[in-house]
Each structure stands twice: as C-alpha cells, then as structure tokens.
Amino acid sequence: MQDSFDATTLIFLALAVFVIWRLRSVLGQKTGTERSPFRPVERNRTEPPAGRGEGDNVVRLPGADRAQASAQAGTATQTATRDWRGIAEPNSAVARGLEQVVQVEPGFDPRAFLEGAKGAYETIVTAFAKGDRKTLRALLSREVCEGFERAISEREKRRETAETTFISIDKAEIAAVEVKNRAAQITVRFLSNLITATRDADGKVIDGNAETGVEVPDVWTFARTLGSRDPNWQLVATDAGG
C-alpha cells in the first residue's frame, strides 16, 4: 500500500514539474514585442532613434543600418499606394513631408490632424478675444503665448474689449511640412468667416464690425516632437495670410 502511494505521488510530481516547465517556456520569456502598458494609443508604433538622419529632413527608422535595402523598398511601396488625395499633390513637397511624418508615426492621419487644427484655430482665436490666458498657455508655445498675452494686457490697459464670432471655417489646407530629427512642423492655411469687433471703454466699436462677417486668411504653424507620449501639437508661429 505504501509503495503504491509513493509511486502515485512520484507520477503526479513528475506531471506537475512538466506542466510548470511548459508554462514557463511559453509565458515566462520576453520576446521584445510586448506592448507597453504606458502607451495604449501608440502600442503598435516602433520608437525611432533620434539624431541619426543622413540629411536635415531624413528620419531614420530602426533597423535601417541592418536592412537598408528592405526598408527603402517598403517605403517606396507605401509611397506609391498611400492616398493623399484632397491633402497633397503626388510627389509634392507636402506629400514628401507627410511621408516623413508617417515613417516615424504610422498612425498619423493628416485628415484628422486638419480637423484638430481647425478646432484649435477656433479655440485660440476665441480665447484671445476673451483674454483667456489659461486656454492659450495650453495650446501655444511659450514664445507665441507671450506675444498673445502682451497684446491682451495692452488691450486691457486701454480698457478695450474684443468680440469674435465664428461663422465658418471655409478652408483649412496643409501648406508645408518639415521634419528635422523627429521635430515636426506643419503649416496650415486657414480661410475663415468671422464677425470681429473691438470696443472702447464706452462700448463703442473702434475696429471691425459687430454685425457683418468678413473673410480672414491666416497661416499658422503647429509643432510636435514625433514619437513623444504627448499627442498634442502646439502653435509656434502665426502669419496673416495673403
């Protein structure tokens, strides 16, 4: 009876050791392809090394040194099949710039970017009119924000108020794309229809028109470090469109 019990115990022990060994061999080893829990949105993106470009606007992909020919072939195929219709002309400077962005962040969608840019444009213009410094600081680079805040402070010293009402944003198109060592800048040309007016301390309109909309062209440049955890683009330059 004792011998039978010992034999059964040994069999179960052997089975347990075998099962544990199999589980460890399948689940207990890292392959280098695990998804990071800290980047749920970017989990399918490969982190590119910075500062390895061959030229000012070239972003090198991981593994390019080991498989340069293969990487170039893959990029050429992507360029030929990617659809930029309505965003950029084929083989244009804008299209080439967008390709550089997508090389670093394959999930980048220029159409979604333009929708976000339109939202940011309306938010920033409205915040400037209201003197909402908190909103501006979240969306502008430090240099641009300082300029906006100076203008707001000067307006407040004169006891003037600004009014802005959006009627429509009639056009938002990508005018230029620049990528340097993962630092990307995208310039957008806007054409909006606004009702805008400035009133003095007595409420009299001293600039603009409080009743009639006008077309307002603007050229704004947004910037972001590609591959960073922060998905937000900041406004880094403004120019009145011609």
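It should be noted that the structure appears before, not after, this text.
Residues numbered from 1 in each chain as written. Predicted model: local features only at pLDDT ≥ 70, side-chain atom pairs only at ≥ 80, totals over all residues. Heavy atoms only, no water.

A word on the overall build of the protein. Of the regular secondary structure elements, the protein holds six helices and five strands. In sequence order, the protein lays out its α and β elements as α-α-α-α-α-α-β-β-β-β-β. Total accessible area computed for the protein in this model is approximately 15,700 Å², and 52% of it derives from carbon and sulfur atoms. (Helix = DSSP H or I, 4+ residues; strand = E, 2+ residues; numbered from the N terminus. Areas by Shrake-Rupley, 256 points an atom, 1.4 Å probe, with all protein chains shown as cover.)

Enumeration over the complete set of coordinates arrives at eight salt bridges. For Arg199, the salt bridge is made with Glu163, and the minimal N-O distance between the two is 2.6 Å. With Arg199 in strand 2 (residues 183-199) and Glu163 in strand 1 (residues 161-180), the pair connects residues that are 36 residues apart, well separated along the chain. Overall, Arg199 belongs to the partly exposed group, its relative accessible area being 22%. (Salt bridge = Lys/Arg side-chain N within 4 Å of Asp/Glu carboxyl O. Buried < 20%, exposed > 50% of the residue type's maximum accessible area, 1.4 Å probe, protein only.)

Let us now look at the packing of aromatic side chains. Tallied over the entire structure, the rule returns ten aromatic pairs. Taken together, a centroid distance of 6.2 Å and an interplanar angle of 50 degrees make the contact between Phe108 and Trp233 tilted. Taken together, the residues span a long stretch of sequence, with Phe108 in the loop between helix 3 (93-104) and helix 4 (110-130) and Trp233 in the loop between strand 4 (214-225) and strand 5 (234-240) at a distance of 125 residues. Given a relative accessible area of 12%, Phe108 falls into the buried group. Ring geometry for Tyr121 versus Phe166: centroids 5.8 Å apart, planes at 85 degrees, classification edge-to-face. One end of the pair, Tyr121, is in helix 4; the other, Phe166, is in strand 1, with 45 residues separating them in the sequence. The class for Tyr121 is buried, based on a relative accessible area of 0%. Seen from the ring of Phe128, Arg155 lies directly overhead, with NZ or CZ sitting 5.0 Å from the centre. (Phe/Tyr/Trp six-rings, centres within 6.5 Å; stacked < 30°, edge-to-face > 60°. Lys NZ or Arg CZ within 6 Å of the ring centre and 35° of its normal.)

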